[in-house]
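Tertiary structure, described
What follows is the residue order along each chain.
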Amino acid sequence: MNYFMVGVPFLLGLIGFIAPECWYIGALFTILTGGFQFITGTGLLIDTGGKRIEYVIYFAGTILFFLLWTVTDWHYIIVLPPALALYLSILLYIEAKKEKP
């Protein structure tokens, strides 16, 4: 599910070079992707009881993004969501590898 949620905005962005209206749809889908990943990351943090530092780092990064977004005018903050999405995707991939025998 995570691959789909991360891949669709990327794919729509590529299609946006041909059909510019896809840029807008991709941008809106990015919001859904962020919501999905936030819910997934929070669920994993709760599920592990906050004992896994990887999920604590993800959650802290997400909180840091929203704090910086509201209190600064730093335009490079937009780099943080893709980095967090990549980080959570790697964590989910590692978890899936552990569960497979």
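Its volume calculated, the largest pocket comes out at about 790 Å³. Lining the largest pocket are 23 residues; nearest its centre among them are Thr30, Ile31, Gly34, Pro81 and Pro82. If you list the elements that add at least two residues to the lining of the largest pocket, you get α1 (2-15), α2 (21-47), α3 (53-71) and α4 (80-99).

A few words now on the nonpolar core. Counting residues in hydrophobic clusters, the biggest one holds seven residues: Leu44, Leu45, Tyr55, Tyr58, Leu84, Leu88 and Leu91. Elements that contribute at least two residues to this core include exactly α2, α3 and α4. Here this core takes three residues from α4, the largest share from any one element. Ignoring sequence-local partners within four residues, the contact set of Tyr58 consists of Gln37, Phe38, Gly41, Leu84, Tyr87 and Leu88. Among the nonpolar cores identified, the runner-up in size contains six residues, and Met5, Leu12, Cys22 and Phe29 belong to it.

Moving on, we come to the packing of aromatic side chains. Scanning the model with the defined rule gives six aromatic pairs in all. Plain terms: the ring middles of Phe4 and Phe29 are 6.2 Å apart, the flat faces sit at 85° to each other, and that makes the pair edge-to-face. Of this pair, Phe4 sits in helix α1 while Phe29 sits in helix α2, and the two are 25 residues apart along the sequence. Judged by relative accessible area, which is 17%, Phe29 ranks as buried. Among the aromatic residues, those joined into a cluster by ring pairs are Phe65, Phe66 and Trp69.

The interhelical angle for the contact between α3 and α4, taken along N-to-C directions, is 160°, at an axis separation of 10 Å. In terms of orientation, α3 lies roughly antiparallel with respect to α4. In the packing of α3 onto α4, the handedness of the crossing is left-handed. Across the interface between the two elements, Glu54, Tyr55, Ile57, Tyr58, Gly61, Thr62 and Phe65 from α3 touch Leu80, Pro81, Leu84, Tyr87, Leu88, Leu91 and Glu95 from α4. In terms of residue class, the contact of α3 with α4 is built from 10 nonpolar, two polar and two charged.

Let us now look at the pattern of salt bridges. Inspection of every chain in the model, using the stated rule, returns three salt bridges. In this structure, Arg52 engages Glu54 in a salt bridge whose closest nitrogen and oxygen atoms are separated by 3.1 Å. What makes Arg52 partly exposed here is its relative accessible area of 23%. Residue Lys98 pairs with Glu95 through a salt bridge whose shortest N-O separation is 3.8 Å. On the criterion of helical spacing, the pair formed by Lys98 and Glu95 is a turn pair, its members being three residues apart in helix α4. Each of the salt bridges in this network shares a partner with another, and the network as a whole consists of Arg52, Glu54, Glu95 and Lys98.

Basis of the calculations
- The residue numbering used here restarts from 1 in each chain and proceeds along that chain's sequence as written.
- In keeping with the model being predicted, local features are shown solely for residues with a pLDDT of at least 70 and side-chain atom pairs are shown and tallied solely at 80 or more, while totals for entire chains, interfaces and linings include all residues.
- Computation of side-chain values: all heavy atoms of the structure, hydrogens and water removed.
- A cavity here means a set of points on a 1 Å grid, drawn over the protein atoms and nothing else, where a 1.4 Å probe fits but cannot get out; a pocket is an open set with protein on both sides within 12 Å along at least five of seven lines, and a residue lines either one if it has an atom within 4 Å of a point.
- Grid points are joined across faces, edges and corners, and a volume is the space filled by probe spheres set on the points.
- Here a helix means four or more residues in a row that DSSP labels H or I, a strand means two or more in a row labelled E, and each is numbered from the N terminus.
- Nonpolar cores were defined as sets of buried Ala, Val, Leu, Ile, Met, Phe, Trp, Tyr and Cys residues, with membership established by side-chain atoms within 4.5 Å.
- Note on classification: 1.4 Å probe, protein chains only; a residue is buried when its accessible area is under 20% of the maximum for its type, exposed when over 50%, partly exposed between these limits.
- Between two residues, a contact is recorded if the distance between any of their heavy atoms is within 4.5 Å.
- Aromatic contacts are taken between Phe, Tyr and Trp rings whose centres are within 6.5 Å, Trp giving its six-membered ring; a plane angle under 30 degrees counts as stacked, one over 60 as edge-to-face, and the others as tilted.
- Interaxial angles span 0 to 180 degrees and are taken between N-to-C directions of axes, which are lines fitted to C-alpha atoms, for helices over the stretch in contact.
- Orientation categories follow fixed angle ranges, with anything under 35 degrees roughly parallel, anything over 145 roughly antiparallel, 65 to 115 roughly perpendicular, and all other angles oblique.
- With the far helix as reference, a near helix turned anticlockwise by less than a right angle produces a left-handed crossing, and one turned clockwise produces a right-handed crossing.
- Following the grouping adopted for this structure description, the nonpolar residues are Ala, Val, Leu, Ile, Met, Phe, Trp, Tyr, Cys and Pro, the charged ones are Asp, Glu, Lys and Arg, and the polar ones are all others, Gly among them.
- Here, a salt bridge means any side-chain nitrogen of Lys or Arg that lies within 4 Å of a carboxyl oxygen of Asp or Glu.

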